[in-house]
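Listed here are the chains, written in short residue letters.
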Amino acid sequence: MVNNASLTQPGTDSVIQSRTAMVTRKTRETDIHMTLSLDGSGKAEIHTGIGFLDHMLEGFAKHGFFDLTVSVNGDLHVDGHHTAEDCGIVLGQAIARALGDKKGICRYGHFLLPMDETLVACAVDLCGRPYLNYNYEFTVPMLGELDTQLIREFFYAVSYSAGMNLHIKVLDGMNAHHIAEAMFKAFARALDMAVQRDDRVEGVPSTKGAL
C-alpha cells in the first residue's frame, strides 16, 4: 500500500508529492509492518525483537532524515536470520514504492562517514538494477543479539528489493559496533542524497528515459 497524498506548501500554489510508503509482508517466518517517509525529520519507532537491529535502524532514520516505523513478529526462537533479511526486503520495497517514478531525483548519493577509529564509505545508485558490493567480514560473531553475518544479508536484501546499486566499503576500523553503526549511518546519508529532488532534472536522470 502506498500513500502519495499531495501537500501544498503554505503561502504558495506549489504541490509536492508526499513520498511515503506503507508495506506489509507476512510469511510463515515473519510478519512485518513498515512505514517510510523519505521527506521526514528522522523520527523512528522500531520494534524488530532484536535490540541491536533496532539501534541500527534508528540511526538510519535519524541520519537520513527519514521517518520510519517498523513492527516485526519474527521466528526468533529459530534465530535472527529471517527477521533481519525480511526487514531488508521490506525496507527496499518501501524505498522503491516511496520513490514512485523517480522523476526529478538526484539518483546518485555517496558519503564518507567517520566514527572514532572507523571510516566507512557508501555509494548508492537508484538505477533500478540491483547489486551489492560489500567488502567486510566481522571478526566477532554477535553484536548484542544480532549475528554479524546478517548485516550483509540485510543490505543485500535492501539492494535487491529496492533495485539499487549499493556499495559499502570499510576503509578502517577495529570496533565492531562502530563499524556496523558507521555502515548504517553512511548508507542513510548516501540514500538521503540520492533521493533528493534536483530542479535541473527533467523527467528521470537517465539517457534511457527510465530508471
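Everything below is about the structure printed above this text.
This write-up is about the structure you can find in this document. None of these values were measured; they are calculated from a predicted model. (Residues numbered from 1 in each chain as written. Predicted model: local features only at pLDDT ≥ 70, side-chain atom pairs only at ≥ 80, totals over all residues. Heavy atoms only, no water.)

### Let's talk about the sheet that holds strand 10 (residues 131-134)
Move 1: Here we have four strands laid out as an open sheet, ordered 8-9-13-10, and mixed in their pairing. Strands with a single pairing partner mark the edges of an open sheet, and in this sheet they are strand 8 (108-115) and strand 10. Adjacent strand axes in the sheet meet at a mean angle of 10° when their direction is disregarded.
Move 2: As defined by bridge partners, strand 8 adjoins strand 9 (residues 118-125) across eight bridges and the pair is classed as antiparallel. Looking at the pairing, Leu112 lines up with Ala121 of strand 9.
Move 3: The strands touched by helix 3 (residues 149-162) within the sheet are strand 10 and strand 13 (165-172), with strand 10 carrying the most contacts at an inclination of about 150°. (Pairing = 2+ DSSP bridges. Helix = DSSP H or I, 4+ residues; strand = E, 2+ residues; numbered from the N terminus. Axes fitted to C-alpha atoms, helices over the stretch in contact; angles between N-to-C directions. Contact = heavy atoms within 4.5 Å.)

### As for unusual backbone geometry
Move 1: One non-glycine residue, Lys102, lies in positive phi territory at about 65°.
Move 2: Counting through the fold element by element, Lys102 comes out in the loop between helix 2 (81-99) and strand 8.
Move 3: You can call Lys102 buried: its relative accessible area is 8%. (Buried < 20%, exposed > 50% of the residue type's maximum accessible area, 1.4 Å probe, protein only.)

### A few points about the pairing of strand 9
Move 1: In textbook terms, the turn of a hairpin is the stretch between consecutive antiparallel strands, and for strand 8 and strand 9 this stretch comprises two residues, one of which, Asp116, has a positive phi near 55°.
Move 2: For strand 9 and strand 13, the ladder comprises seven bridges, and the chain directions are antiparallel. Bridge pairing in strand 13 links Ala121 to Lys169.

### Examining the pattern of salt bridges
Move 1: Evaluated as defined, the whole model comprises six salt bridges.
Move 2: Measuring nitrogen to oxygen at the nearest pair gives 2.9 Å for the salt bridge that ties Glu181 to Lys185. Highlighted residues: Glu181 and Lys185, both in helix 4 (residues 176-195), separated by four residues, approximately one helical turn. In this pair, the class of Glu181 matches that of Lys185, namely buried.
Move 3: When salt bridges with common partners are traced through the structure, they connect Arg19, Asp39 and Arg197 into a single cluster. (Salt bridge = Lys/Arg side-chain N within 4 Å of Asp/Glu carboxyl O.)

These figures capture arrangement, not role.
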